[in-house]
Amino acid sequence: MDVDTRLLRYFVAVAQEGTLSRAAQRLFVSQPALTRQVRQLEAVLGVTLFTRSRTGMTLTDAGRALLARAPAVLADWEHAARDARSAASRAARVLRVGFMDAGAAQAAPSIVAEFGRRRPGWRIDMRQAAWSDPTGGLAEGEADVALVRLPVPGQAALRMELLFTEPRWVVLPQTHPLAERPVIAFQDLWDEPFVAAPAQAQAWRNHWLAADERGGTPVRIGAVTDQPDDWLSAIANGYGIALAPESAARFYARPGITYRPVTGVSPSQVAVAWTPTEAADPVVRDFVQCCLDHHPQRDQLAGTPD
C-alpha cells in the first residue's frame, strides 16, 4: 500500500491541533483542502481516523494507532530525504547555505570569495528560507549550514558560532503618530498591533515580538506573514508595526514605511549554524571558518549564544 507522506503530515497536524481550522492555519492550506486530504487518507487505509463534531476532531482507535507510529515514519523519511539531498549536493561540489534575511547574509560576498579560494571548484548555493523555518533550512534538510538570527527552534541541538549583534529597530507606517520621533521607547509600543511570523516559528517569533520584554503586557497581533514582501505590505497598509534588525532599514526600504531606533529592547544576534551530523565535514568547517575570519562586524560581539 502506497501512502503519500503529505497525507500523513496532514493527519498528524489535525490530530495534534484537534480542529481542522487550527491545523489548516498551521499547514497554510485551506480547510476544505485539508478535509479532502484527511478523507483521502481514510479511503486509502479503509478506516475512519476521526470522529467529527462541532467541537473538533476526536481520534478513533484506528486514528490513535496511526498517530502512535506516524511521527516516527515521517521523521525517518525526512532524515532519508535530507541525506539524499545532501549527498547529491556534495557530489556536485555544492554547499547549500541558508539564510533568513539580507542583513544576516550581508557579508556573504566576501565569505563566498574566501570559500572559493579555500575550496577551488566548489560552489555556494545561497537559499533564503521562509520565516516559518528560522533555522534557515537546517530543520528541513534544505541547507548544510545557515546564517541565522537567534533564537531558533531546536537551538540546543545545533552547533553554532556567533558572528555579530545589531540593535532592533521598529518599522512603522509613515503615517503613524510615532513616526516623527527620532528614537522611540519600546514601552510606547506595547499596546500597538504587531505583524508577526507564523506560530510555528516559536521562540524566533516571540523574540521579534519581544514577548518577554513587555512588562507583562500581552502582545496584540495585527497580521501574520511568512515573507519579507508580505511583511512590508502589512506594515505599510496599517495592519501593525514590527521590530526588525537595524540593517533592515538598508535592505528592506520601501515607500510607505519608516524605520526608527528603539530603546529598552535587547539586540538581535546573528550566528552561523550547522547540525551535529555536519560537524565533522571539512567543507562545512571551512565555510564556518570563512564566516569567522571575514565577517566585517565580528568585533561587535556582545556575548555568546546559549
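On a predicted model such as this, the values are computed, not experimentally measured, just so you know. (Residues numbered from 1 in each chain as written. Predicted model: local features only at pLDDT ≥ 70, side-chain atom pairs only at ≥ 80, totals over all residues. Heavy atoms only, no water.)

## As for the overall build of the protein
In terms of helices and strands, the protein carries 9 helices and 13 strands. At 22 Å, the protein has a C-alpha radius of gyration in line with the 19 Å of a compact globule built from 306 residues. Considering only C-alpha atoms, the protein reaches an extent of 60 × 55 × 35 Å along its principal axes. For the protein, the proportion of its 306 residues judged to be buried stands at 47%. Restricting to contacts in the protein with at least 6 residues of sequence separation, those with at least 24 account for 74%. For the protein, the accessible area works out to roughly 14700 Å², and carbon and sulfur atoms hold 51% of it. The centroid of the 32 positive side-chain charges in the protein is displaced by 4 Å from the centroid of its 33 negative side-chain charges. (Helix = DSSP H or I, 4+ residues; strand = E, 2+ residues; numbered from the N terminus. Rg over C-alpha atoms; globule rule 2.2 N^0.38 Å. Buried < 20%, exposed > 50% of the residue type's maximum accessible area, 1.4 Å probe, protein only. Contact = heavy atoms within 4.5 Å. Areas by Shrake-Rupley, 256 points an atom, 1.4 Å probe, with all protein chains shown as cover. Lys, Arg positive; Asp, Glu negative; His and termini not counted. Charge placed at Lys NZ, Arg CZ, Asp CG, Glu CD.)

## Thoughts on the pattern of salt bridges
Tallied over the full model, the rule gives 15 salt bridges. Between Asp 4 and Arg 6 there is a salt bridge, with the nearest N and O atoms lying 3.5 Å from each other. Look at Arg 6 and you get partly exposed, because its relative accessible area is 33%. A salt bridge links Arg 168 to Glu 213, with the nearest nitrogen and oxygen atoms 2.8 Å apart. (Salt bridge = Lys/Arg side-chain N within 4 Å of Asp/Glu carboxyl O.)

## With respect to the pairing of strand S2 (residues 56-59)
Here strand S1 (residues 50-53) runs beside S2; their pairing, made up of 4 bridges, is antiparallel. Across the sheet, residue Arg 52 finds its bridge partner in S2, namely Met 57. From the end of S1 to the start of S2, which pair antiparallel, there are 2 residues. (Pairing = 2+ DSSP bridges.)

## Side note on the nonpolar core
Ranked by internal contacts, the top residues of the largest apolar core, which has 37 residues, are Val 170, Phe 186, Leu 189, Trp 231, Leu 243 and Tyr 259. When contributions to this core are tallied by element, the ones reaching two or more residues are strand S7 (168-173), strand S9 (193-196), helix H6 (203-209), helix H7 (228-236), strand S11 (242-245) and strand S12 (257-263). What Tyr 259 contacts, discounting residues up to four positions off in sequence, is Trp 169, Val 170, Val 171, Trp 231, Leu 232, Ala 244, Ala 248, Ala 249, Tyr 252 and Ala 253. If you look at the next biggest cluster of nonpolar residues, it comprises 25 residues, including Val 97, Ala 107, Leu 147 and Trp 274. (Core = buried A, V, L, I, M, F, W, Y, C linked by side-chain atoms within 4.5 Å.)

## What about the sheet that holds strand S3 (residues 94-99)?
Spatially, S4-S3-S5-S13-S6 is the arrangement adopted by the 5 strands of the open sheet, whose pairing is mixed. Since the sheet does not close on itself, it has two edges, and those belong to strand S4 (123-128) and strand S6 (159-166), each with one partner. Neighbour-to-neighbour, the strand axes of this sheet turn through a mean angle of 20°, independent of strand direction. Strand direction decides the pairing type here: S6 and strand S13 (residues 268-274), joined by 7 bridges, are antiparallel. Following the sheet pairing, Thr 165 is matched in S13 by Gln 269. Packed on one face of the sheet, helix H9 (residues 282-294) meets S3, S4, strand S5 (145-150), S6 and S13 and runs near 155° to S13. (Axes fitted to C-alpha atoms, helices over the stretch in contact; angles between N-to-C directions.)

## As for the packing of helix H1 (residues 5-17) against helix H3 (residues 31-45)
Contact geometry for H1 and H3: axes closest at 9 Å, N-to-C directions at 110°. Taken as axis vectors, H1 and H3 run roughly perpendicular relative to one another. Considering how the two elements wind past one another, H1 and H3 form a crossing that is left-handed. Of the residues in H3, those in contact with Arg 6, Leu 7, Tyr 10, Phe 11 and Val 14 of H1 are Leu 34, Gln 37, Val 38, Gln 40 and Leu 41. When grouped by side-chain class, the residues that make up the contact of H1 with H3 number 7 nonpolar, 2 polar and 1 charged. (Parallel < 35°, antiparallel > 145°, perpendicular 65-115°, else oblique. Left-handed = near helix turned anticlockwise from the far one by under 90°. Nonpolar A, V, L, I, M, F, W, Y, C, P; charged D, E, K, R; others polar.)

## Regarding the packing of aromatic side chains
If you walk through the whole model with that rule in mind, you get 6 aromatic pairs. With 6.2 Å between their ring centres and 70° between their planes, Phe 115 and Phe 287 make a pair best called edge-to-face. Here Phe 287 lies in helix H9 and Phe 115 lies in helix H5 (residues 108-118), a separation of 172 residues in the sequence. Relative to Trp 231, the ring of Trp 131 has its centre 5.5 Å away and its plane inclined at 80°; by these criteria the two rings are edge-to-face. Of this pair, Trp 131 sits in the loop between S4 and S5 while Trp 231 sits in helix H7, and the two are 100 residues apart along the sequence. An identical accessibility class is assigned to Trp 131 and Trp 231; each is buried. (Phe/Tyr/Trp six-rings, centres within 6.5 Å; stacked < 30°, edge-to-face > 60°.)

## Observations concerning unusual backbone geometry
In the segment running from Leu 150 into Pro 151, the intervening peptide bond is cis, with an omega of 0°. Positive phi outside glycine occurs at Gln 202, with the angle close to 55°. Turning to its location among the elements, Gln 202 is positioned in the loop between S9 and H6. Of the residues examined, Gln 202 reaches a relative accessible area of 47% and is grouped as partly exposed.

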